[in-house]
Amino acid sequence: MIHGVYEIDDVVLSMPVIVGADGIESDIPINLSGEEALKLKESADALKNIIDTLTL
């Protein structure tokens, strides 16, 4: 779950990390251009909107 990275909260996205025996050890920072960060945020918002429409 992403919290606060690229102004994204409460959605699960695949982001690069180093995984060890006990889980995530550290994030691998990636540099996104302004437009790339905006598109990532738009994708996260679209996913959250879809999730909000689901009835489980």
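What you are looking at is a predicted structure, and each value in this text was computed from that prediction instead of being measured.

Rules used throughout
- Residues numbered from 1 in each chain as written.
- Predicted model: local features only at pLDDT ≥ 70, side-chain atom pairs only at ≥ 80, totals over all residues.
- Heavy atoms only, no water.
- Core = buried A, V, L, I, M, F, W, Y, C linked by side-chain atoms within 4.5 Å.
- Buried < 20%, exposed > 50% of the residue type's maximum accessible area, 1.4 Å probe, protein only.
- Contact = heavy atoms within 4.5 Å.
- Pairing = 2+ DSSP bridges.
- Helix = DSSP H or I, 4+ residues; strand = E, 2+ residues; numbered from the N terminus.
- Patch = residues over 30% accessible without salt bridge, like charges linked within 9 Å, V, L, I, M, F, W, Y side chains within 5 Å.
- Areas by Shrake-Rupley, 256 points an atom, 1.4 Å probe, with all protein chains shown as cover.
- Salt bridge = Lys/Arg side-chain N within 4 Å of Asp/Glu carboxyl O.

**Q** So what exactly am I meant to see when it comes to the nonpolar core here?
**A** In globular proteins that are soluble, nonpolar side chains generally tend to be buried together. Residues Ile2, Ile8, Val11, Leu13 and Ala44 constitute the largest nonpolar core, which totals 5 residues. Other than its neighbours up to four places away in sequence, Ile2 contacts Ile8, Asp9, Asp10, Val11, Leu13 and Met15.

**Q** Hey, could you run me through the pairing of strand β1 (residues 2–5) in this one?
**A** Successive residues of a regular strand alternate their side chains across the two faces of the sheet. Looking at chain direction, β1 and strand β2 (residues 8–11) are connected through 3 bridges and run antiparallel. Directly across from Val5, in β2, lies its bridge partner Ile8. Between β1 and β2, which pair antiparallel one after the other, the connecting turn spans 2 residues, and Tyr6 there sits at a positive phi close to 55 degrees.

**Q** Help me understand a nonpolar patch on the surface in this model?
**A** Together, Leu47, Ile50, Ile51, Leu54 and Leu56 make up a nonpolar patch on the protein surface, roughly 570 Å² of accessible area in all. Its location among the elements puts Leu47 in helix α1 (residues 34–53).

**Q** What's the story with unusual backbone geometry in this structure? I'm lost.
**A** Peptide bonds are mostly trans, and most non-glycine residues show a negative phi. Phi angles above zero are rare outside glycine, and Glu7 is one such case at about 60 degrees. The topology assignment puts Glu7 in the loop between β1 and β2. A relative accessible area of 67% means that Glu7 is categorised as exposed. One non-glycine residue, Asp10, adopts positive backbone phi at about 60 degrees. Note that Asp10 resides in strand β2.

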